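Residues per chain, in single letters:
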Amino acid sequence: MLQIERYEASQIEEIITLFYNTVHHINAAHYSAKQLQAWAPPEERASKVVSWQPSLEQHNTYVATQDGIIVGFSDMSDEGHLDRLFVHKDYQRQGIATALLAQLELNANQLQLSSIYTEASITAKPFFEHHGFHVEQMQQVERQQVSMTNFVMSKLL
């Protein structure tokens with residue numbers, strides 16, 4: 001049974017592993033190997049643990065678990081910036097992202113936000129559109145001197 005719970009600092013390693021595996025397997029459908037390497041370089045795993053911990057702790061961060069396994073996570077700032085939403089590569093299309101998004105939207109309503117926004121990958125864009133987000137603009141972002149397309153998307157609440 002899927003459970004959505006608040007993030008705990010002890011979950012950081014499993015979350016980082018989920019992120020890397022998801023980017024390199026699921027996003028490979030829309031991004032080149034060079035882009036995936038720039039987006040989630042394996043040599044940055046240890047530094048990502050350190051750099052992500054403060055924002056995950058400060059944001060409204062949730063973890064989806066199933067049978068004791070972290071199958072997804074998401075986080076949003078108090079200003080409504082949905083920063084990360086990733087589902088385990090082996091648990092795609094099971095309603096996990098939808099459940100995480102619903103929790104973030106509940107938080108946004110509690111914070112009395114009028115909208116939320118994100119920068120969605122090519123892979124995630126259809127999911128967000130299905131859930132009422134609209135593309136504000138397509139943009140090119142650069143990571144390690146490699147350009148990648150994503151979409152600034154927002155949703156009125």
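Rules used in this analysis
Residues numbered from 1 in each chain as written. Predicted model: local features only at pLDDT ≥ 70, side-chain atom pairs only at ≥ 80, totals over all residues. Heavy atoms only, no water. Helix = DSSP H or I, 4+ residues; strand = E, 2+ residues; numbered from the N terminus. Buried < 20%, exposed > 50% of the residue type's maximum accessible area, 1.4 Å probe, protein only. Contact = heavy atoms within 4.5 Å. Polar contact = N/O pair within 3.5 Å; in protein donor to acceptor, adjacent residues only side chain to side chain. Salt bridge = Lys/Arg side-chain N within 4 Å of Asp/Glu carboxyl O. Pairing = 2+ DSSP bridges. Core = buried A, V, L, I, M, F, W, Y, C linked by side-chain atoms within 4.5 Å. 1 Å grid on protein atoms, 1.4 Å probe; cavity = no way out; pocket = protein on both sides within 12 Å on 5 of 7 lines; lining within 4 Å. Points joined across faces, edges and corners; volume = space filled by probe spheres on them. Nonpolar A, V, L, I, M, F, W, Y, C, P; charged D, E, K, R; others polar.

1. Concerning the environment of histidine 88
Structurally, histidine 88 can be placed in the loop between β4 (81–87) and α4 (96–110). The class of histidine 88 is buried, set by a relative accessible area of 18%. Sequence spacing of histidine 88 and threonine 22 is 66 residues, and the spatial spacing of their C-alpha atoms is 5.9 Å. Ignoring sequence-local partners within four residues, the contact set of histidine 88 consists of Leu18, Thr22, Ile70, Val71 and Gly72. Only 2.9 Å separates the side chain of histidine 88 from the backbone nitrogen of aspartate 90, close enough to count as a polar contact.

2. As for the pattern of salt bridges
As enumerated under the stated definition, the model contains 7 salt bridges in all. Lysine 89 is the salt-bridge partner of aspartate 90, the closest N and O atoms lying 3.1 Å from each other. For lysine 89, a relative accessible area of 25% gives the class partly exposed. For glutamate 105, the salt bridge is made with lysine 155, and the minimal N-O distance between the two is 2.7 Å. A residue pair is termed long-range when its members are at least 10 positions apart, and glutamate 105 in helix α4 and lysine 155 in strand β7 (residues 146–156) qualify at 50 residues.

3. Points about the pairing of strand β2 (residues 60–66)
The side chains of a regular strand alternate, first on one face of the sheet and then on the other. Most of β2 is tucked away, with 7 of its 7 residues classed as buried. Of the strand pairs in this sheet, strand β1 (residues 2–6) and β2 are connected by 5 bridges, and their pairing is antiparallel. When the bridges of β2 are listed, isoleucine 4 appears paired with alanine 64. Where β2 and strand β3 (residues 69–76) come together, 7 bridges link them in antiparallel fashion. Counterpart to glutamine 66 in the pairing with β3 is isoleucine 69. Between β2 and the antiparallel strand that follows it, β3, lie 2 residues; aspartate 67 among them carries a positive phi value of about 55°.

4. Side note on the nonpolar core
Judged by nonpolar contacts, the single largest core of 22 residues is most densely connected at Phe19, Trp39, Trp52 and Phe73. Taken together, the elements giving at least two residues each to this core come down to α1 (12–25), α2 (33–39), α3 (45–58), β3 and β7. In terms of residue count, the dominant contributor to this core is α1 (7 residues). Discounting residues that sit within four places of it in the chain, tryptophan 52 has contacts with Ile12, Ile15, Ile16, Phe19, Phe73 and Arg84. Ranked by size, the runner-up nonpolar core spans 21 residues in total, among them Ala64, Leu85, Ala97 and Phe128.

5. Some words on the layout of surface pockets
Each pocket or cavity is described by its volume, and for the largest pocket that value is around 1100 Å³. Surrounding the largest pocket, 38 residues form its lining, Trp39, Leu85, Phe86, Ser121 and Ala124 being those nearest its centre. At the level of elements, α1, α3, β4, α4, β5 (115–121), α5 (125–130), β6 (134–143) and β7 are the ones that each hand at least two residues to the lining of the largest pocket. Ranked by the residues each element gives to the lining of the largest pocket, the list is headed by β4, at 6 residues. Across the lining of the largest pocket, the residue classes tally to 19 nonpolar, 12 polar and 7 charged.

6. Examining the pairing of β6
Here β6 runs beside β7; their pairing, made up of 9 bridges, is antiparallel. Looking at the pairing, valine 141 lines up with methionine 148 of β7. Connecting the antiparallel pair β6 and β7 is a turn made up of 2 residues, with glutamine 144 showing a positive phi of about 50°.

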